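# Observations on the three-dimensional arrangement
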Amino acid sequence: MRPSPTPRSAPLALLVLALGPGCGDPDGGGREAKAKHVLLVTVDTLRADHLATYGGRPSVSPAIDALAAEGTLFERCHAPTGMTLASMTAMFTSKWPDETGVRSNLHRLRDEEWTLAERLKDAGFRCRGFTANGVLQPDKSGIDQGFDAHRRIEDEPWLTHLASKMLVEEFGNDPERRDFLWVHYMDPHQPYQRREPWATRFDPSYDGPFDAEEETLQRIFVDKVELTPRDVQHVEAVYDSQIRRVDQFVRSILSALEKSGHAEETLVVFSADHGEDLYDHNRYFYHANSIYGSVTHVPLVFRQPGRVPAGARVDDLVELIDVMPTILAWLGLDPTAGDWKSHPRGTDLGPAMTSGAAVGKDFAFAQIAFHVYAIRSPGWFYVENPRGYMPRSIPKEGEYVIAERELYDLGGDPDEQTNVLAEHPDVADKLAKALRAWKDDLISVDATEQDLTDEDRARLEALGYLGGGEDDGE
Ligand SMILES: [Zn+2]
């Protein structure tokens, strides 16, 4: 469904006045800035379909659902890969992992890449980040490029406290500056933890033999243990209890933005780096080895009162690489400024929000390292694994089998369970051709390894992040 025109909460002229100085034409290129500031909230490992607003458990995400109801939601947004750093650098550069060279969590974003934060900094923004995931370690990963301050804080209540304090006390308080704040949460990432009272509320009566402990789930994957739907439901309840906990943090962050007095002039963007296999494929509970919709389908919501249509839902296929050009254009900046090599690969989604224009994207693409590639159209999903690569990220053992070629008919099989390659070779060939054309067009760069000390490795290993190997990742 296209966004429908909705009543605006304030006349446009008033809003333009409210945006204040520096907001009309900040880059001198005649572009109108619709927002003065931007708040980006991303949640690690958050499957779109587990949020209530995307059809998940009704009480799992009240604050995120309210945000979506106040803004425009994209029904079909896909991440380029199931690894945090590779996916977030793709979002921040509007390039695919092959083009940034960041295909795993052990790679480093090259200094020559021009990120969202760098573009905003160049335009006079104060850029701050608070991230809870260890693989987004600022100085090692290069994800901090352009940030004036970027802190990694694993304690999420503390992270929320500091980010909220910053919002209330500093965000938008300098009439000469514009602000960009990025907050990245780690729940509902593994190890799954029963977040109470929700874990019990979501599943008060399970008395089966499986818990949602990391070791149990790894054993299920490695030994290919058969679970009943009820067992899977139990693990999902624990995963969902973590979503419910993050939802509280999101509520606090949004309420701090309200308190700052700058919510009306701030574009809020909500999304995730990737989703999670929850026994959907290969009896796997994790994300790094998977390329299916369970892992690539992520939420995407934009909100700005009176500017972004409220309650609209866009059904077009979009990708995380579209986030950066959308934010830049919305802020009145030229996404295609600078050298052609730094031009975004993504599409500005602003027109789809404001005028119901079609996004115009025929395909979304995904990859695992440089071994497995996939292409998604609105009706089909096609995967190529030409060398029979077996992803072995986390855990290191176990078999995550992806056939040489797979094709799924999303119309009758939205969960991508039945490979119909043999029945539809013509569709597969057409998608293979489009996939090849996309790959031929990529400006591929080699990976730059992160410069990790023994101490870094020990710390990341303790968190379950490392084990060696190029496709390591969260
Ligand atoms: Zn992640």
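Located above this text is the structure these notes cover.
Let me begin by describing the structure that accompanies this report. (Residues numbered from 1 in each chain as written. Predicted model: local features only at pLDDT ≥ 70, side-chain atom pairs only at ≥ 80, totals over all residues. Heavy atoms only, no water.)

## Focus: the overall build of the protein
Of the regular secondary structure elements, the protein holds 15 helices and 15 strands. Taken over the C-alpha trace, the protein has a radius of gyration of 21 Å; the compact-globule value for 474 residues is 23 Å, and the two agree within 12%. Its C-alpha atoms give the protein principal-axis dimensions of about 60 × 50 × 50 Å. Out of the 474 residues belonging to the protein, those deemed buried represent 61%. Restricting to contacts in the protein with at least 6 residues of sequence separation, those with at least 24 account for 74%. (Helix = DSSP H or I, 4+ residues; strand = E, 2+ residues; numbered from the N terminus. Rg over C-alpha atoms; globule rule 2.2 N^0.38 Å. Buried < 20%, exposed > 50% of the residue type's maximum accessible area, 1.4 Å probe, protein only. Contact = heavy atoms within 4.5 Å.)

## What about the coordination of the zinc ion?
Perfect tetrahedral coordination of a metal by four donors corresponds to 109.5 degrees between them, and perfect octahedral coordination by six donors corresponds to 90 or 180 degrees. Surrounding the zinc ion are the protein donor atoms D44 (OD), T84 (OG1), D273 (OD) and H274 (NE2), at 1.9 to 2.1 Å. Note that the zinc ion binds four donor atoms; their angles at the metal cover 91 to 126°, and the shape is tetrahedral. Mapped onto the sequence, the residues coordinating the zinc ion show the spacing D-x39-T-x188-D-H. Comparing D273 with H274 shows no difference in burial state: the two are buried. (Donors = N, O, S within 2.8 Å, 3.2 Å for Na, K, Ca; no water. Tetrahedral: all angles 85-135°; square planar, octahedral: opposite > 155°, others 65-115°.)

## As for the sheet that holds strand β14 (residues 380-384)
The strand order across the open sheet built from four strands is β12-β13-β14-β15, with neighbouring strands paired in antiparallel fashion. Strands with a single pairing partner mark the edges of an open sheet, and in this sheet they are β12 (364-368) and β15 (405-409). The average undirected angle you get between the axes of adjacent strands in this sheet is 15°. One ladder, built from five bridges, connects β14 with β15; its direction is antiparallel. Within the sheet, the bridge partner assigned to W380 lies in β15 and is D409. (Pairing = 2+ DSSP bridges. Axes fitted to C-alpha atoms, helices over the stretch in contact; angles between N-to-C directions.)

## What about the pairing of strand β13 (residues 372-376)?
Most of β13 sits inside the fold, with five of its five residues counted as buried. Side chains V372, A374 and R376 of β13 all project onto a buried face; the interleaved residues Y373 and I375 project onto the opposite face, where all are buried too. Summarising the sheet, β12 and β13 pair through five bridges and their orientation is antiparallel. The residue of β13 that forms the bridge with A366 is A374.

## Digging into the packing of aromatic side chains
Under the definition given, this model contains 20 aromatic pairs. Centre to centre, the rings of W96 and F365 are 5.9 Å apart; their planes meet at 85°, and the pair counts as edge-to-face. Separated by 269 residues along the polypeptide, W96 in the loop between α3 (84-93) and α4 (97-100) and F365 in strand β12 bring together distant segments of the chain. For W96, a relative accessible area of 7% translates into the label buried. Within the aromatic cluster, the residues linked to one another by ring pairs are W96, F363, F365, Y373 and W438. One residue, R376, lies across the ring of F381, its end atom 4.2 Å from the ring centre. When the ring centre of Y373 is taken as origin, the NZ or CZ atom of K439, which lies over that ring, is 3.9 Å away. (Phe/Tyr/Trp six-rings, centres within 6.5 Å; stacked < 30°, edge-to-face > 60°. Lys NZ or Arg CZ within 6 Å of the ring centre and 35° of its normal.)

## Examining unusual backbone geometry
Here the amide bond leading from Q190 into P191 is cis, since omega sits at -5°, within 30 degrees of zero. Looking at where P191 falls in the secondary structure, it is placed in the loop between β5 (178-185) and α8 (198-202). Here the amide bond leading from E196 into P197 is cis, since omega sits at 10°, within 30 degrees of zero. Positionally, P197 belongs in the loop between β5 and α8. Backbone geometry at Y279 places phi at a positive 70°, although glycine is not the residue there. Tracing the chain through its elements places Y279 in the loop between β7 (277-278) and β8 (285-286). Of note in the backbone geometry, E416 takes a positive phi value of approximately 55° without being a glycine. By the element assignment, E416 lies in the loop between β15 and α14 (425-441). We classify E416 as buried; its relative accessible area is 3%.

## Quick word on the nonpolar core
Membership of the largest hydrophobic core comes to 120 residues, with the highest contact counts inside it found for F74, L120, F180 and F270. The element that contributes the greatest number of residues to this core is helix α10 (residues 229-260), accounting for 13 residues. Counting residues in hydrophobic clusters, the runner-up holds 18 residues, among them I321, Y382, L431 and W438. (Core = buried A, V, L, I, M, F, W, Y, C linked by side-chain atoms within 4.5 Å.)

## What about the side chain of Q145?
By the secondary structure assignment, Q145 is in the loop between α6 (138-141) and β4 (149-152). Only 3.1 Å separates the side chain of Q145 from the backbone oxygen of L109, close enough to count as a polar contact. Within the structure, the side chain of Q145 is placed 3.1 Å from the backbone oxygen of R110, a separation counted as a polar contact. With residues up to four places along the chain from it excluded, the contact list for Q145 reads L109, R110, D111, E113, T115, A117 and E118. (Polar contact = N/O pair within 3.5 Å; in protein donor to acceptor, adjacent residues only side chain to side chain.)

## A closer look at the pairing of strand β6 (residues 266-272)
When you tally the buried positions in β6, you get seven out of seven residues, the bulk of the element. As paired elements, strand β1 (residues 37-43) and β6 share seven bridges and run parallel to each other. Among the inter-strand pairings, H37 is bridged to a residue of β6, identified as T266. Alignment of β6 against strand β10 (residues 300-303), held across four bridges, turns out to be antiparallel. By the bridge assignment for β10, V268 is matched with R303.

## Observations regarding the pattern of salt bridges
Counted by the stated rule, this structure contains 33 salt bridges. E32 is the partner of R307 in a salt bridge, and the nearest nitrogen-oxygen pair spans 3.3 Å. Of this pair, R307 sits in the loop between β10 and β11 (312-319) while E32 sits in the loop between α1 (12-19) and β1, and the two are 275 residues apart along the sequence. Its salt-bridge partner being R194, residue E196 comes within 3.3 Å of it at the nearest N-O pair. A single salt-bridge network, built from bridges that share partners, covers K95, R110, E112 and E113. (Salt bridge = Lys/Arg side-chain N within 4 Å of Asp/Glu carboxyl O.)

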